[in-house]
Amino acid sequence: MCFYSKIYKENINAATVLYSRRIGAYGHENVILMENFKKWLKENKLFDDNTIILAIPLDNPNIIKAEQCRYDVCMIYSGSDKISSEKVKMRKITGGKYIIFLIEHTSEAIKKAWQECFSELEKLGYLLDISKPIIERYVKKLVDKHYCELCIPIL
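Residue indices follow the written sequence of each chain, beginning from 1 at its first position. Whole-chain, interface and lining totals are the exception, using all residues; otherwise, since this is a predicted model, local features are given only for residues with pLDDT of at least 70 and side-chain atom pairs are given and counted only at 80 or more. Note that the side-chain values use all heavy atoms of the structure and ignore hydrogens as well as water.

Caption draft 1: Highlighting the overall build of the protein. In DSSP terms, a helix is any run of H or I states spanning at least four residues, a strand is any run of E spanning at least two, and both are numbered starting from the N terminus. Scanning the protein from N- to C-terminus turns up 3 helices and 8 strands. Each helix and strand of the protein, placed in order from N terminus to C terminus, yields the pattern β-β-α-β-β-β-β-α-β-α-β. This radius of gyration counts C-alpha atoms alone. The globule rule is 2.2 Å times how many residues there are, raised to the power 0.38. Since a compact globule built from 155 residues should have a radius of gyration of about 15 Å, the 15 Å found for the protein is in line with a globular shape. Taking the principal axes of its C-alpha atoms as reference, the protein extends roughly 45 × 35 × 30 Å. Burial classes follow relative accessibility: with a 1.4 Å probe on protein chains only, a residue under 20% of its type's maximum area counts as buried, one over 50% as exposed, and anything between as partly exposed. Per-residue burial over the protein gives 40% buried out of 155 residues.

Caption draft 2: View of the pairing of strand β4 (residues 70–76). Among the 7 residues that make up β4, 5 are buried, leaving the element largely enclosed by the rest of the structure. Pairing between strands is defined by DSSP: at least two bridges between the two strands are required. Pairing between strand β2 (residues 15–23) and β4: 7 bridges, direction antiparallel. Counted as the bridge partner of I23 is R70 from β4. Where strand β3 (residues 52–57) and β4 come together, 5 bridges link them in antiparallel fashion. Bridge assignment links I53 to a residue of β4, and that residue is M75.

Caption draft 3: Inspection of the pairing of strand β7 (residues 135–139) at higher detail. In terms of burial, β7 is largely enclosed, as 5 of its 5 residues are buried. Burial along β7 is two-sided: I135, R137 and V139 facing one way and E136 and Y138 facing the other are all buried. Pairing analysis gives 4 bridges linking β3 to β7, with the strands arranged antiparallel. What sits directly across from I53, in β7, is Y138. In this structure, β7 lies alongside strand β8 (residues 147–153), joined through 3 bridges in antiparallel fashion. Directly across from E136, in β8, lies its bridge partner L150.

Caption draft 4: Representation of the layout of surface pockets within the structure. Size it by volume and the largest pocket reaches roughly 1,200 Å³. Here a cavity means grid points, on a 1 Å grid over the protein atoms only, where a 1.4 Å probe fits yet cannot get out; a pocket means an open set of points with protein on both sides within 12 Å along at least five of seven lines; lining residues are those with an atom within 4 Å of a point. Every residue lining the largest pocket is counted, 40 residues in all, and those nearest its centre are Y71, I110, W114, E136 and Y138. Listing elements by their share of the lining of the largest pocket, those giving two or more residues are α1 (28–43), β3, α2 (107–123), β7 and α3 (140–143). Of all the elements, α1 adds the most residues to the lining of the largest pocket, at 7 residues. Classification convention: Asp, Glu, Lys, Arg as charged; Ala, Val, Leu, Ile, Met, Phe, Trp, Tyr, Cys, Pro as nonpolar; all other residues, Gly among them, as polar. Of the residues contributing to the lining of the largest pocket, the split by class is 20 nonpolar, 10 polar and 10 charged. Grid points are joined across faces, edges and corners, and a volume is the space filled by probe spheres set on the points.

Caption draft 5: Here's a closer look at the sheet that holds strand β5 (residues 89–93). If you trace the 8 strands from one edge of the open sheet to the other, you get β1-β6-β8-β7-β3-β4-β2-β5, paired in antiparallel fashion. With one partner strand each, in any of the chains shown, β1 (6–12) and β5 form the two edges of the open sheet. Across the sheet, the axes of successive neighbouring strands diverge by a mean angle of 30°, strand direction being ignored. In what follows, residue pairs with any heavy atoms lying within 4.5 Å of each other are defined as contacts. Helix axes are fitted only over the stretch in contact, all axes being lines through C-alpha atoms; the angle between N-to-C directions runs from 0 to 180 degrees. Packing of α1 onto the sheet brings it into contact with β2, β3, β4 and β7, and relative to β2 it is tilted by some 135°. Across the sheet, α2 touches β3, β6 (96–104), β7 and β8, and the angle it forms with β6 is around 135°.

Take a look at the structure:
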């Protein structure tokens, strides 16, 4: 059975994001980071039907020690106000060409997508762009339908 429901190409634009970061092995602690980030967004009235949250693992745990792996949860921020908080920071992320896998929003489906996405990318004839991070994208309207996206940068 295929790990995705739909696949498409997209040019993701560069963006300014609000983010929180944790350093350590990828796993359940990242879920806690995401929940705390969403709570902060809601408390600051930044969470609505148009909210897009990104989860960005910045390091490959096959190369970097697990305890040094960085993981960001971000919200695309289109506001003009600077945010002053100890809980979040602001930065820019680069854009580029991506293959998007639409997947079920369950921990099992996301884990399976991570396990199979690279071989699927190769089968489709695309090359991974290692200069950009892979992104898990959570668009509220999709999450409400129990879907999310795994965005793989391509050359």
